[in-house]
Amino acid sequence: MATILPPPSKRQRREALERTQLQADVTPAPIEAGSFKARFVDSDSNQLAEVVEIPLADANEKNVSILLNTLLGRDREDFTPYRFRIHIPSSDVVIDTYPSPQEFLAVLRSHGITNPFETTLTLSAEPQAVFKVQAVTRMANKIPGHGEAILAAQFSPKNSSRLATGSGDNTARVWDCDTGTPKHTLSGHTGWVLAVAWSPDASRLATGSMDKSVRIWDPETGKAVGKPFSGHSKWVNSIAWEPYHQWRDGTPRLASASKDATVRIWLVNSGRIEHVLSGHKSNVSCVRWGGKGFIYTSSHDKTVKVWNAVDGTLKHTFAAHAHWVNHLALSTDFVLRTAFFDHTKDIPKTDEEKREKAKGRFEKAATRQGKLVERLISASDDFTMYLWDPDEGTKPVARLHGHQKQVNHVTFSPDGALIASSGFDNHTKIWSARDGKFINTLRGHVAPVYQCAFSADSRLLVTASKDTTLKIWNMQTCKLAVDLPGHQDEVYAVDWSPDGKRVGSGGKDKAVRLWCN
C-alpha cells in the first residue's frame, strides 16, 4: 500500500507562500556614462540658479535637491528638501514623477529626446515640508466608549492630543490622545452623528446629526454652547466652518449641508440663520468653505454649485457629472483647517495677529504664478472626478477617470501637489493636482476604501477600508509602507493629526484606535 504524505502544515504553507512572494535578486541595469544640463525654476517659472551639468549616475532626486540647496548658498542645516518635475523642451509635457538614474534616459527618450546629453532640461523645484512625518507603525491605544459604529473622526487643528468622533449611538466624543482615555461625551443629539468639525481656532466643535440639527460644543468642558441650530427638515450630512481669516467681529459662521437639498449659513454666536442656499434638487452630500469667499456644495442631483459666502448668491453650477456627487475637496483645505497653527511654538497673541497669520498661510498655499488659485475636486458615483478652477468658469480643468466603481472620498495633499481618491473598486489612485494626470494606483486593500488622509508633510497617505485594515503609503514610490491590522470590522473614518504625530480611526467595531510610530 502506497504511503500517503500528510498535508503540509500551516507553517510549511506560510513559508511556501512567502517564497512565491519574494522577488528574484535582479542586478540593476548599468547607468550610461554621461551628464545632462539642468536649469532650475520655481513654481512661477523664475530661474533659481545657474545652469549646471549633472552626471547621470548621481541624478537621483535626493542628490539633485542637495545640489540645488548648495547652488542657493544654504548651510547644510538649512537645506530644504525638493521634489522635481521635468519639463520636456519645446512641448507642454511635464513629467510629474522624477525617474531613478537607471530609468532617466529611457523616460526622456520615450518623450522624444533622442540625445539627452545635448539637451538642457528645465527642472521645476517644489519645496517640501522641512519637518518629516514618520509613518505610524503600531496601535498606541484602543479606546472603547461608543455604543455604535463610529461614522466621523477629526483631530483638533491645534495638536494631536484631542480627537473628536461622531457615532451611531447619537453622541459625539472628545478623546484625550496623550493618555488614551475618553475626555468628554457630548450628549444631546437624538439621531446618528454624521459629521464633526473643529473650528479653525480649536475653541469649538460642531456636530451634525440625523436629528436634523447642528450643535456647538466647548471641547474643554464637553458642554453645549447655546441651543441646537434647528431649521433643516432632514438630516445634516456635512458641516464646514468659515475660514479664520474671514471671521468678522469675532463672529464665526458655519455652513451645514442637508438631505433636504439646502445649505444653511449660521451665525455661530447667536444661532441665527444668515442665508439659506437653495438651488439643489436633491440631497446635498458635501459642503466646503473656501478661503476666497466662496462656498462649494455637491449634491445627488449630479451638480456642484459655487456660492458667494457674503450674500448667499449662486455664482456657478458645474454640471459635468453623470451620477451622484459624493465628495468635494479644496486645494487649500489643510491651511484653512489649521488657520494660524503651523505647529511651531509661535502662536500669535492677539486675534488680529492670528487672522494675519492665517491669511498669510492661506495666500502662500494658494498663490500660483502670482495669482490666488483655489482649486476644487469633485468625486462621483459615475466612477470619475473633475478638477475645477472656479475663477475660470464652468469648464473643468480635467476629467480624472480610471476607477472601476464609485469614488467615495477625495483629498488634496497639504502642499497642493497631489490628489488622492478612494473608491469602491478597492483602490486608491494618485493624481497630479496641477493638471489631473494619473500618477499611480495604490493596490493592497481587498474591499472598498472608505477614506484617505495625507500626512502634514504630504509624503505619506493613510487609507481606511471595509477590509478592517489601515494602510500607510509612501507618496515618493507609491508603494505600501506599513500595513495596520487591528480593527475587528469595517473602518469608516480616519484622520492624520495636523502635527503629524498620530493617526486616529474608527468604524463598525465601535472603538477608537490611535496609531503612532
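Remember, predicted model here, so these are calculated numbers, not experimental data. (Residues numbered from 1 in each chain as written. Predicted model: local features only at pLDDT ≥ 70, side-chain atom pairs only at ≥ 80, totals over all residues. Heavy atoms only, no water.)

1. Some words on helix α5 (residues 351–366)
With 16 residues, α5 should cover 22 Å at 1.5 Å per step; its first-to-last C-alpha distance of 22 Å lies within 8% of that length. Those residues of α5 that fall on the buried side of the exposure criterion are K354, K357, A358, R361, F362 and A366. The buried side chains of α5 occupy one side of the element, clustering within an arc of 155° when seen end-on. Here the buried face of α5 lies against α4 (333–338), β24 (367–368) and β25 (371–372). (Helix = DSSP H or I, 4+ residues; strand = E, 2+ residues; numbered from the N terminus. Expected span 1.5 Å × (residues − 1). Buried < 20%, exposed > 50% of the residue type's maximum accessible area, 1.4 Å probe, protein only. Arc of directions from axis to C-beta. Contact = heavy atoms within 4.5 Å.)

2. Points about the UniProt feature "repeat: WD" (unreviewed entry) in the protein chain
Feature annotation in UniProt places "repeat: WD" (unreviewed entry) on residues 143–185, 186–227, 229–276, 277–317, 400–441, 442–477 and 484–517, given in this structure's numbering. End-to-end, the C-alpha atoms of residues 484–517 are 11 Å apart, and along that stretch the chain is 0% helix and 50% strand. (UniProt positions renumbered as here; feature names shortened; annotations may be inferred.)

3. What about the sheet that holds strand β31 (residues 428–432)?
As summarised here, the arrangement of the four strands in space is β29-β30-β31-β32, forming an open sheet in which the pairing is antiparallel. Sheet topology places β29 (407–412) and β32 (438–442) at the edges, where each strand pairs with a single neighbour. Each strand of the sheet is rotated relative to its neighbour by a mean of 20°, with strand direction disregarded. (Pairing = 2+ DSSP bridges. Axes fitted to C-alpha atoms, helices over the stretch in contact; angles between N-to-C directions.)

4. Things to note about the environment of E353
Looking at the secondary structure, you find E353 in helix α5. For E353, a relative accessible area of 41% puts it in the partly exposed group. Between the C-alpha atom of E353 and that of F424, which follows or precedes it by 71 residues, the distance is 44 Å.

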